Amino acid sequence: MSKKVQVLLSTYNGEKYLEEQIESLLGQTYPNLEILIRDDGSTDATAALLGKYEKQYDRIRVFFGSNVGVTNSFFELLAKSDADYIAFCDQDDIWLEQKVEKAVEKLEAVKGPALYCSNKILVDGDAHVIAENNKGRPRPGFGNAVIECICTGCTAVMNRELSENIKAHIPGHAILHDWWCYLVASYVGQVLYDQEAYILYRQHGNNVVGQSGSAWGTIKAKLRYLKHNRGKLKAQLTDFQNMYQGQSEKDQLVSLLLESEAWGRKAKAVFARGYYRQTRSDLWIVRGLLLFNRML
(Lines give C-alpha, C1' and ligand atoms only; values in the text may rest on other atoms or scores of the structure.)
Protein backbone atom coordinates (compact mmCIF):
# COMPACT_ATOMS: atom_id res chain seq x y z
CA MET A 1 0.00 0.00 0.00
CA SER A 2 1.17 3.55 -0.71
CA LYS A 3 2.25 5.73 2.20
CA LYS A 4 -0.48 7.64 4.01
CA VAL A 5 -1.13 11.30 3.32
CA GLN A 6 -3.25 13.44 5.62
CA VAL A 7 -4.71 16.71 4.37
CA LEU A 8 -5.20 19.24 7.17
CA LEU A 9 -8.07 21.63 6.47
CA SER A 10 -9.00 24.48 8.82
CA THR A 11 -12.41 26.06 8.25
CA TYR A 12 -14.10 29.23 9.43
CA ASN A 13 -17.41 30.46 7.97
CA GLY A 14 -16.44 28.84 4.69
CA GLU A 15 -19.80 27.56 3.43
CA LYS A 16 -19.57 29.43 0.09
CA TYR A 17 -16.61 27.53 -1.39
CA LEU A 18 -16.05 24.64 1.01
CA GLU A 19 -18.00 21.95 -0.81
CA GLU A 20 -16.07 22.56 -4.04
CA GLN A 21 -12.81 22.33 -2.14
CA ILE A 22 -13.69 19.09 -0.36
CA GLU A 23 -14.84 17.51 -3.61
CA SER A 24 -11.47 18.36 -5.17
CA LEU A 25 -9.73 16.61 -2.25
CA LEU A 26 -11.91 13.54 -2.68
CA GLY A 27 -11.02 13.52 -6.38
CA GLN A 28 -7.26 13.25 -5.84
CA THR A 29 -5.48 10.51 -7.79
CA TYR A 30 -3.34 9.62 -4.78
CA PRO A 31 -4.99 6.52 -3.22
CA ASN A 32 -4.12 6.54 0.50
CA LEU A 33 -5.46 9.89 1.63
CA GLU A 34 -7.24 11.04 4.79
CA ILE A 35 -8.76 14.45 5.46
CA LEU A 36 -8.59 15.97 8.94
CA ILE A 37 -10.76 19.05 9.32
CA ARG A 38 -10.90 21.44 12.26
CA ASP A 39 -13.66 24.04 12.35
CA ASP A 40 -12.50 27.21 14.07
CA GLY A 41 -15.82 28.24 15.60
CA SER A 42 -17.90 28.89 12.45
CA THR A 43 -21.26 30.61 12.83
CA ASP A 44 -22.62 29.87 9.34
CA ALA A 45 -23.61 26.53 7.77
CA THR A 46 -20.03 25.22 7.68
CA ALA A 47 -20.51 22.84 10.63
CA ALA A 48 -23.56 21.19 9.06
CA LEU A 49 -21.73 20.77 5.76
CA LEU A 50 -18.76 19.16 7.51
CA GLY A 51 -21.04 16.83 9.43
CA LYS A 52 -22.60 15.66 6.19
CA TYR A 53 -19.23 14.80 4.67
CA GLU A 54 -17.97 13.08 7.81
CA LYS A 55 -21.00 10.76 7.83
CA GLN A 56 -20.57 10.00 4.14
CA TYR A 57 -16.82 9.30 4.04
CA ASP A 58 -14.79 7.21 6.50
CA ARG A 59 -11.57 8.99 5.51
CA ILE A 60 -12.87 12.37 6.69
CA ARG A 61 -12.54 13.25 10.37
CA VAL A 62 -13.91 16.51 11.72
CA PHE A 63 -12.99 18.32 14.94
CA PHE A 64 -14.94 21.30 16.26
CA GLY A 65 -13.27 23.92 18.42
CA SER A 66 -13.43 27.50 19.61
CA ASN A 67 -12.02 30.31 17.51
CA VAL A 68 -8.24 30.36 17.95
CA GLY A 69 -7.27 31.81 14.57
CA VAL A 70 -6.01 30.14 11.42
CA THR A 71 -2.41 29.60 12.56
CA ASN A 72 -3.25 27.94 15.88
CA SER A 73 -6.04 25.97 14.24
CA PHE A 74 -3.59 24.43 11.80
CA PHE A 75 -1.11 23.69 14.58
CA GLU A 76 -3.86 21.89 16.50
CA LEU A 77 -4.54 19.77 13.44
CA LEU A 78 -0.83 19.09 13.00
CA ALA A 79 -0.69 17.80 16.57
CA LYS A 80 -3.39 15.25 15.67
CA SER A 81 -1.64 14.05 12.50
CA ASP A 82 0.23 10.75 12.20
CA ALA A 83 0.77 10.27 8.45
CA ASP A 84 3.88 9.80 6.33
CA TYR A 85 3.07 13.06 4.53
CA ILE A 86 1.10 16.08 5.73
CA ALA A 87 -0.55 18.64 3.45
CA PHE A 88 -2.09 21.97 4.44
CA CYS A 89 -5.35 22.99 2.78
CA ASP A 90 -7.38 26.22 2.69
CA GLN A 91 -11.17 26.15 2.61
CA ASP A 92 -11.75 28.05 -0.62
CA ASP A 93 -9.42 26.71 -3.32
CA ILE A 94 -9.70 23.89 -5.86
CA TRP A 95 -7.03 21.19 -6.04
CA LEU A 96 -6.23 19.69 -9.41
CA GLU A 97 -6.46 15.91 -9.24
CA GLN A 98 -2.70 15.20 -9.31
CA LYS A 99 -1.72 17.75 -6.65
CA VAL A 100 -1.01 15.27 -3.84
CA GLU A 101 0.48 12.66 -6.15
CA LYS A 102 3.01 15.10 -7.61
CA ALA A 103 4.05 16.39 -4.17
CA VAL A 104 4.63 12.89 -2.80
CA GLU A 105 6.62 11.99 -5.91
CA LYS A 106 8.99 14.90 -5.27
CA LEU A 107 9.31 14.20 -1.54
CA GLU A 108 9.97 10.50 -2.08
CA ALA A 109 13.13 11.41 -3.97
CA VAL A 110 14.81 13.15 -0.99
CA LYS A 111 16.07 12.14 2.43
CA GLY A 112 15.71 13.96 5.71
CA PRO A 113 13.22 16.65 6.76
CA ALA A 114 11.68 18.22 3.67
CA LEU A 115 8.94 20.66 2.71
CA TYR A 116 7.36 20.78 -0.75
CA CYS A 117 5.56 23.84 -2.07
CA SER A 118 4.51 24.89 -5.53
CA ASN A 119 3.30 27.51 -7.94
CA LYS A 120 -0.39 28.47 -8.10
CA ILE A 121 -2.98 29.28 -10.74
CA LEU A 122 -4.76 32.43 -9.61
CA VAL A 123 -8.54 32.45 -10.06
CA ASP A 124 -11.32 34.82 -9.05
CA GLY A 125 -14.27 34.04 -6.81
CA ASP A 126 -16.00 32.21 -9.65
CA ALA A 127 -12.89 30.13 -10.47
CA HIS A 128 -12.11 32.08 -13.64
CA VAL A 129 -8.37 32.21 -14.31
CA ILE A 130 -6.64 35.50 -13.48
CA ALA A 131 -3.10 34.31 -14.14
CA GLU A 132 -1.89 30.88 -15.25
CA ASN A 133 1.05 30.95 -12.83
CA ASN A 134 3.41 33.23 -10.98
CA LYS A 135 6.36 34.37 -13.02
CA GLY A 136 9.91 33.83 -11.87
CA ARG A 137 11.59 30.96 -10.10
CA PRO A 138 11.67 31.50 -6.35
CA ARG A 139 14.88 30.58 -4.54
CA PRO A 140 14.00 28.95 -1.21
CA GLY A 141 16.52 29.11 1.61
CA PHE A 142 16.97 30.07 5.24
CA GLY A 143 18.26 33.54 4.33
CA ASN A 144 14.93 34.13 2.63
CA ALA A 145 12.78 32.45 5.28
CA VAL A 146 13.93 34.79 8.05
CA ILE A 147 12.28 37.77 6.31
CA GLU A 148 9.89 36.37 3.72
CA CYS A 149 7.65 33.36 3.12
CA ILE A 150 7.50 31.94 -0.41
CA CYS A 151 5.70 28.80 0.73
CA THR A 152 1.96 29.34 0.31
CA GLY A 153 0.34 27.06 2.87
CA CYS A 154 -2.27 25.57 0.55
CA THR A 155 0.53 24.21 -1.66
CA ALA A 156 2.64 22.88 1.22
CA VAL A 157 3.28 19.18 1.84
CA MET A 158 5.86 17.91 4.34
CA ASN A 159 7.29 14.53 5.18
CA ARG A 160 7.10 12.87 8.58
CA GLU A 161 10.64 13.87 9.59
CA LEU A 162 9.72 17.52 9.26
CA SER A 163 6.22 17.24 10.72
CA GLU A 164 7.52 15.51 13.86
CA ASN A 165 10.17 18.19 14.28
CA ILE A 166 7.59 20.97 14.00
CA LYS A 167 5.16 19.20 16.34
CA ALA A 168 7.92 19.25 18.98
CA HIS A 169 8.46 22.99 18.49
CA ILE A 170 5.05 24.68 18.24
CA PRO A 171 5.62 28.44 18.53
CA GLY A 172 3.58 30.92 20.45
CA HIS A 173 4.10 33.76 17.98
CA ALA A 174 4.19 32.41 14.42
CA ILE A 175 3.00 34.91 11.82
CA LEU A 176 1.38 32.06 9.91
CA HIS A 177 1.73 28.29 10.04
CA ASP A 178 3.20 28.12 6.53
CA TRP A 179 5.91 30.69 7.28
CA TRP A 180 6.93 28.82 10.44
CA CYS A 181 7.14 25.54 8.53
CA TYR A 182 9.21 27.18 5.80
CA LEU A 183 11.53 28.65 8.42
CA VAL A 184 12.01 25.33 10.20
CA ALA A 185 12.39 23.30 7.00
CA SER A 186 15.07 25.60 5.64
CA TYR A 187 16.95 25.33 8.95
CA VAL A 188 16.81 21.58 9.62
CA GLY A 189 16.29 20.18 6.12
CA GLN A 190 15.38 21.30 2.64
CA VAL A 191 12.62 23.07 0.74
CA LEU A 192 11.50 21.87 -2.69
CA TYR A 193 9.79 24.44 -4.90
CA ASP A 194 7.81 23.13 -7.86
CA GLN A 195 7.37 25.64 -10.69
CA GLU A 196 4.35 23.69 -11.92
CA ALA A 197 0.95 24.57 -10.47
CA TYR A 198 -1.61 22.03 -9.25
CA ILE A 199 -4.03 24.32 -7.45
CA LEU A 200 -6.60 26.95 -8.38
CA TYR A 201 -5.81 29.60 -5.77
CA ARG A 202 -8.96 31.62 -5.24
CA GLN A 203 -8.71 35.39 -4.78
CA HIS A 204 -11.66 37.10 -3.12
CA GLY A 205 -12.45 39.62 -0.43
CA ASN A 206 -12.37 37.13 2.46
CA ASN A 207 -8.89 35.70 1.93
CA VAL A 208 -6.73 35.63 5.05
CA VAL A 209 -3.73 36.05 2.74
CA GLY A 210 -4.27 36.77 -0.92
CA GLN A 211 -2.34 37.60 -4.02
CA SER A 212 -3.23 39.91 -6.86
CA GLY A 213 -2.65 39.16 -10.50
CA SER A 214 -1.47 42.73 -11.24
CA ALA A 215 1.89 44.32 -10.43
CA TRP A 216 0.29 47.25 -8.59
CA GLY A 217 -2.04 44.93 -6.73
CA THR A 218 0.91 42.82 -5.65
CA ILE A 219 2.79 45.90 -4.39
CA LYS A 220 -0.23 47.08 -2.40
CA ALA A 221 -0.71 43.60 -0.95
CA LYS A 222 2.94 43.49 0.14
CA LEU A 223 2.71 46.90 1.81
CA ARG A 224 -0.47 45.90 3.65
CA TYR A 225 1.16 42.65 4.69
CA LEU A 226 4.28 44.38 6.04
CA LYS A 227 2.17 46.90 7.97
CA HIS A 228 -0.08 44.19 9.35
CA ASN A 229 2.89 42.12 10.55
CA ARG A 230 4.79 44.94 12.23
CA GLY A 231 6.09 43.50 15.50
CA LYS A 232 5.12 39.93 14.59
CA LEU A 233 8.33 39.14 12.73
CA LYS A 234 10.40 39.97 15.79
CA ALA A 235 8.23 37.71 17.95
CA GLN A 236 8.45 34.89 15.42
CA LEU A 237 12.24 35.12 15.16
CA THR A 238 12.55 35.29 18.95
CA ASP A 239 10.52 32.09 19.31
CA PHE A 240 12.65 30.48 16.63
CA GLN A 241 15.89 31.51 18.34
CA ASN A 242 14.66 30.03 21.62
CA MET A 243 13.75 26.72 19.98
CA TYR A 244 16.47 26.18 17.38
CA GLN A 245 20.20 26.43 17.95
CA GLY A 246 23.24 24.62 16.61
CA GLN A 247 23.90 25.90 13.10
CA SER A 248 26.20 28.83 13.78
CA GLU A 249 25.86 30.72 10.49
CA LYS A 250 22.07 30.55 10.57
CA ASP A 251 21.96 31.33 14.28
CA GLN A 252 24.09 34.42 13.72
CA LEU A 253 21.74 35.65 11.02
CA VAL A 254 18.74 35.41 13.33
CA SER A 255 20.66 37.23 16.09
CA LEU A 256 21.76 39.93 13.66
CA LEU A 257 18.20 40.68 12.62
CA LEU A 258 16.89 40.65 16.19
CA GLU A 259 19.62 43.07 17.25
CA SER A 260 19.13 45.37 14.25
CA GLU A 261 17.19 47.98 16.24
CA ALA A 262 20.31 48.74 18.29
CA TRP A 263 22.36 51.51 16.64
CA GLY A 264 25.60 49.67 17.24
CA ARG A 265 24.36 46.73 15.16
CA LYS A 266 22.14 48.53 12.66
CA ALA A 267 24.67 49.15 9.87
CA LYS A 268 25.81 45.53 9.93
CA ALA A 269 22.21 44.32 9.77
CA VAL A 270 21.18 46.73 7.02
CA PHE A 271 24.03 45.73 4.71
CA ALA A 272 24.30 42.06 5.65
CA ARG A 273 24.41 39.62 2.75
CA GLY A 274 22.96 36.64 4.58
CA TYR A 275 19.27 37.45 4.08
CA TYR A 276 17.43 38.02 0.83
CA ARG A 277 14.03 38.48 -0.75
CA GLN A 278 13.04 37.23 -4.16
CA THR A 279 13.52 40.53 -5.95
CA ARG A 280 16.25 43.14 -5.58
CA SER A 281 13.72 45.95 -5.13
CA ASP A 282 12.03 44.05 -2.28
CA LEU A 283 15.41 43.52 -0.63
CA TRP A 284 16.20 47.24 -0.67
CA ILE A 285 12.79 47.99 0.81
CA VAL A 286 13.65 45.61 3.66
CA ARG A 287 17.02 47.31 4.15
CA GLY A 288 15.25 50.67 4.38
CA LEU A 289 12.71 49.34 6.86
CA LEU A 290 15.52 47.91 8.99
CA LEU A 291 17.33 51.26 8.89
CA PHE A 292 14.30 53.10 10.26
CA ASN A 293 13.19 50.35 12.68
CA ARG A 294 10.06 49.55 10.68
CA MET A 295 10.74 45.91 9.73
CA LEU A 296 10.55 43.93 12.95
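Each value, and the rule that gives it
- Residues numbered from 1 in each chain as written.
- Predicted model: local features only at pLDDT ≥ 70, side-chain atom pairs only at ≥ 80, totals over all residues.
- Heavy atoms only, no water.
- Helix = DSSP H or I, 4+ residues; strand = E, 2+ residues; numbered from the N terminus.
- Rg over C-alpha atoms; globule rule 2.2 N^0.38 Å.
- Buried < 20%, exposed > 50% of the residue type's maximum accessible area, 1.4 Å probe, protein only.
- Contact = heavy atoms within 4.5 Å.
- Areas by Shrake-Rupley, 256 points an atom, 1.4 Å probe, with all protein chains shown as cover.
- Polar contact = N/O pair within 3.5 Å; in protein donor to acceptor, adjacent residues only side chain to side chain.
- Phe/Tyr/Trp six-rings, centres within 6.5 Å; stacked < 30°, edge-to-face > 60°.
- Pairing = 2+ DSSP bridges.
- Core = buried A, V, L, I, M, F, W, Y, C linked by side-chain atoms within 4.5 Å.
- Axes fitted to C-alpha atoms, helices over the stretch in contact; angles between N-to-C directions.
- Parallel < 35°, antiparallel > 145°, perpendicular 65-115°, else oblique.
- Left-handed = near helix turned anticlockwise from the far one by under 90°.
- Nonpolar A, V, L, I, M, F, W, Y, C, P; charged D, E, K, R; others polar.

Asker: Any chance you could explain the overall build of the protein chain here in plain terms?
Answerer: The number of helices and strands found in the protein chain is twelve helices and nine strands. Over its C-alpha trace the protein chain gives a radius of gyration of 19 Å, about what one expects of a compact globule, namely 19 Å for 296 residues. Taking the principal axes of its C-alpha atoms as reference, the protein chain extends roughly 60 × 40 × 35 Å. When burial is assessed residue by residue, the protein chain has 49% of its 296 residues classed as buried. Considering only residue pairs separated by 6 or more positions, the protein chain has 80% of its internal contacts joining residues 24 or more positions apart. Just so you have it, the protein chain exposes about 13,800 Å², and 51% of that area is on carbon and sulfur atoms.

Asker: Whenever I open this one, the side chain of S73 confuses me. Can you help?
Answerer: With respect to the helices, strands and loops of the structure, S73 is situated in helix 3 (residues 70–80). In this structure the side chain of S73 is engaged in a polar contact, spanning 3.0 Å, whose partner is the side chain of R38. Sequence-distant contacts of S73, that is, excluding residues within four places in its chain, are made with S10, R38, D40 and V68.

Asker: Looking at this model, I keep getting lost on the packing of aromatic side chains. Mind explaining?
Answerer: The geometry of an aromatic ring pair is captured by the separation of the ring centres together with the interplanar angle, meaning the angle of the planes. For the structure on display, the rule yields eight aromatic pairs. Consider the rings of F142 and F240, whose centres lie 5.8 Å apart with planes at 40°: the pair is tilted. A residue pair is termed long-range when its members are at least 10 positions apart, and F142 in helix 5 (residues 142–145) and F240 in helix 9 (residues 232–243) qualify at 98 residues. Take F142 and F240: they sit in the same class, and that class is buried. When the ring of Y187 is compared with that of F240, the centres are 5.3 Å apart and the planes differ by 80°; the resulting orientation is edge-to-face. Separated by 53 residues along the polypeptide, Y187 in helix 7 (residues 177–188) and F240 in helix 9 bring together distant segments of the chain. Residue Y187 shares its accessibility class with F240, and that shared class is buried. Ring pairs connect the aromatic residues F142, W180, Y187, F240 and Y244, which therefore count as one cluster.

Asker: How should the pairing of strand 6 (residues 114–123) be read in this particular structure?
Answerer: Regular strands show a simple pattern: their side chains alternate between the two faces of the sheet. Of all ten residues making up strand 6, ten are buried, and the element is well covered by its neighbours. Pairing of strand 6 with strand 9 (residues 190–202) involves nine bridges; the strand directions are parallel. The residue of strand 9 that forms the bridge with S118 is D194. Looking at chain direction, strand 6 and strand 8 (residues 157–159) are connected through two bridges and run antiparallel. The residue bridging Y116 from the neighbouring strand is V157, located in strand 8. As judged from the two bridges shared by strand 6 and strand 7 (residues 129–131), these two strands associate in the antiparallel manner. Opposite V123, over in strand 7, you have V129 as the bridge partner. The turn joining strand 6 and strand 7, which pair antiparallel and follow one another in sequence, is formed by five residues; a positive phi near 70° is taken by A127.

Asker: Can you walk me through the nonpolar core in this structure?
Answerer: If you look at soluble globular proteins, the nonpolar side chains tend to sit buried side by side. In terms of nonpolar packing, the biggest core is built from 50 residues, with V146, I166, W180, F240 and Y275 touching the most fellow members. For this core, the element with the most residues is helix 7, which contributes eight residues. V146 has contacts with W179, L183, L233, L237, L253, V254, L257 and Y275, leaving out every residue within four places of it along the chain. Formed by 34 residues, the second largest nonpolar core is a distinct cluster that contains V5, V62, V100 and Y201.

Asker: Looking at this structure, how should I read the environment of E15?
Answerer: Following the sequence through the fold, E15 ends up in helix 1 (residues 15–26). Look at E15 and you get partly exposed, because its relative accessible area is 42%. Counting along the chain gives 30 residues from E15 to A45, while the straight-line C-alpha distance between them is 5.9 Å. If we skip the residues at most four places from it in the chain, E15 touches D44, A45 and T46.

Asker: Explain the packing of helix 7 against helix 9 here, please?
Answerer: Packed helix pairs are characterised by how far apart their axes lie and by the angle those axes make with each other. Look at helix 7 against helix 9: their axes get within 12 Å of each other, and the N-to-C directions meet at 40°. In terms of orientation, helix 7 lies oblique with respect to helix 9. Remark: the crossing between helix 7 and helix 9 carries right-handed chirality. For the pair helix 7 and helix 9, the contacting residues are W179, W180, L183, V184 and Y187 in the first and L233, Q236, D239, F240 and M243 in the second. Here the contact of helix 7 with helix 9 is built from residues that sort into eight nonpolar, one polar and one charged.

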